[in-house]
Amino acid sequence: LFLEGENGLAIVTLADIFERLKQYDRALDVYDLVSARSPLHANAQIQSGLILEAMGRSDDALKQLQGIVSEQPRDIEALTALGNLQRARKDYGESAKTYSRVIDQLSAPGRGDWTLFYFRGISHERSKQWPLAEADFKKALELYPDQPLVLNYLGYSWVDQNVNLDEGLRLLRRAVQLRPDDGYIIDSLGWAHYRMGRFEEALRELERAIELKPGDPVINDHLGDVYWRVGRKLEAYFQWNHARDLKPEPEDLERILKKIESGLEDEPKPASAEAEARKNGG
């Protein structure tokens, strides 16, 4: 840079080094050096927005990315970054719209585009639009068969809704095969067994999951439920209290507190794929 002060590649590389060192203020200052004439200018501005988010300056990050998108409404990288930020802020309705703006520009989605459908699917699912979410997850798997994150999300969602249980269990088993050390995916498989009334199998998987992710409130909550069903009620209360202290989502916290107060209701009837087929018309 001493020899060539406007060398965009050198500027971006130096800023990236500061970013990796978590020297965010210095990284922002360096990214600002990229000339508006440089083809790397938009990229530098996007990275600046992501750094602002990492610094906890979410409103500034959102304003930065929205400004880029306003100036370049068809910039796929900027739109994707904005969608990711909106999703992180739990603004799921807006993130779904932003991902749609990217997807609408794809003439023929390829394998590398699976994340767009996956993230839009998450946004739809979190905003209570399950049919749209399910379609996006299926499209992501069409583009990238055996993608473990998608297998897990779709399989878990089916199981949690008590629909397509056998197929959901198959997806989850495949996801675990692909990522045998992923506590979240193993938790999903354990929860599938639980929803199907297979408590001993659920216990085995969930105890495995808790070893891998001991600080996750959802896994602790799930393990508490299984302990209760197999008659280990003191351990169930311990897990629920631990889940409560791990700052779960508000709606999860409400359920956990009820269980701490009065335990679980009578043992549910195991769900079955046959029953679900009848419920859904075959």
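Note that the coordinates shown come from a computational prediction; the quantities given were computed from them, not determined experimentally.

Q: What should I look at first to understand the overall build of the protein chain in this one?
A: Helix and strand counts for the protein chain come out as 16 helices and zero strands. Sorting the 282 residues of the protein chain into buried and exposed places 46% on the buried side. Intrachain contacts of the protein chain at a sequence separation of at least 6 include 47% that bridge at least 24 residues. Accessible surface computed for the protein chain: about 15300 Å², of which carbon and sulfur atoms make up 50%. Distance from the positive charge centre (38 side chains) to the negative charge centre (48 side chains) of the protein chain: 2 Å.

Q: Would you explain the environment of Leu62 in this entry?
A: Relative to the assigned elements, Leu62 resides in helix α4 (residues 58-71). Between the C-alpha atom of Leu62 and that of Leu178, which follows or precedes it by 116 residues, the distance is 35 Å. Residues in contact with Leu62, not counting those within four places in the same chain, are Leu82, Leu85, Gln86 and Arg89.

Q: What is the right way to look at the packing of aromatic side chains in this model?
A: What characterises a pair of aromatic rings is the spacing of the ring centres plus the angle enclosed by the ring planes. Tallied over the full model, the rule gives 13 aromatic pairs. Between the aromatic rings of Trp114 and Tyr118, the centroid separation amounts to 5.7 Å while the plane-to-plane angle is 40°, which identifies the pairing as tilted. Of the two residues, Trp114 and Tyr118 are both situated in helix α7 (residues 114-126); the distance of four residues between them amounts to about one turn of the helix. On the basis of an interplanar angle of 80° and a centroid distance of 5.7 Å, the ring pair of Trp114 and Tyr144 is categorised as edge-to-face. Taken together, the positions of Trp114 in helix α7 and Tyr144 in the loop between α8 (130-143) and α9 (148-160) put the pair 30 residues apart, joining distant regions of the chain. Owing to a relative accessible area of 23%, Tyr144 belongs among the partly exposed residues under this scheme. Taken together, the aromatic side chains of Tyr99, Trp114, Tyr118, Phe119, Trp130, Phe137, Tyr144 and Tyr153 make up a single cluster linked through ring pairs.

Q: How should I be thinking about helix α15 (residues 250-262) in this particular structure?
A: End to end, α15 covers 19 Å across 13 residues, agreeing with the expected 18 Å (1.5 Å per residue, within 8%). The set of residues buried in α15 consists of Asp252, Ile256 and Lys259. End-on, the buried residues of α15 take up no more than an arc of 60°, which puts them together on one face. Exposed and facing more than 90 degrees away from the buried side of α15 are Pro250, Lys258, Glu261 and Ser262. Along its buried surface, α15 packs onto α13 (217-229) and α14 (233-245). Positive phi shows up at Gly263, right after α15, with a value of about 70°.

Q: Would you mind showing me how to read the pattern of salt bridges here?
A: Side chains carrying opposite charge are able to pair once their charged atoms draw close together. All chains considered together, the criterion is met by 23 salt bridges. A salt bridge links Lys90 to Glu249, with the nearest nitrogen and oxygen atoms 2.9 Å apart. Pair noted here: Lys90 is in the loop between α5 (76-88) and α6 (92-103) and Glu249 is in the loop between α14 and α15, with a separation of 159 residues, a long-range link. Given a relative accessible area of 46%, Lys90 falls into the partly exposed group. Residue Glu249 is classed as partly exposed on the basis of its relative accessible area, which comes to 35%.

Q: Which parts of the structure should I look at to understand unusual backbone geometry?
A: For residues besides glycine, phi is generally negative; the peptide bonds are generally trans as well. One non-glycine residue, Lys90, adopts positive backbone phi at about 65°. In this model, Asp146 sits at a positive phi of 65°, which is unusual for a non-glycine residue. Within the secondary structure, Asp146 sits in the loop between α8 and α9.

Q: Is there a simple way to think about the confidence of the model for the protein chain in this case?
A: If pLDDT is low for a region, its predicted coordinates should not be looked at in detail. The pLDDT averaged across the protein chain works out to 91; a share of 94% of its residues lies at or above 70. Between residues 272-282, whose pLDDT stays under 50, and residues either more than four places distant or in other chains, the model counts nine contacts.

Cut-offs and rules
Residues numbered from 1 in each chain as written. Predicted model: local features only at pLDDT ≥ 70, side-chain atom pairs only at ≥ 80, totals over all residues. Heavy atoms only, no water. Helix = DSSP H or I, 4+ residues; strand = E, 2+ residues; numbered from the N terminus. Buried < 20%, exposed > 50% of the residue type's maximum accessible area, 1.4 Å probe, protein only. Contact = heavy atoms within 4.5 Å. Areas by Shrake-Rupley, 256 points an atom, 1.4 Å probe, with all protein chains shown as cover. Lys, Arg positive; Asp, Glu negative; His and termini not counted. Charge placed at Lys NZ, Arg CZ, Asp CG, Glu CD. Phe/Tyr/Trp six-rings, centres within 6.5 Å; stacked < 30°, edge-to-face > 60°. Expected span 1.5 Å × (residues − 1). Arc of directions from axis to C-beta. Salt bridge = Lys/Arg side-chain N within 4 Å of Asp/Glu carboxyl O. pLDDT = per-residue confidence, 0-100.

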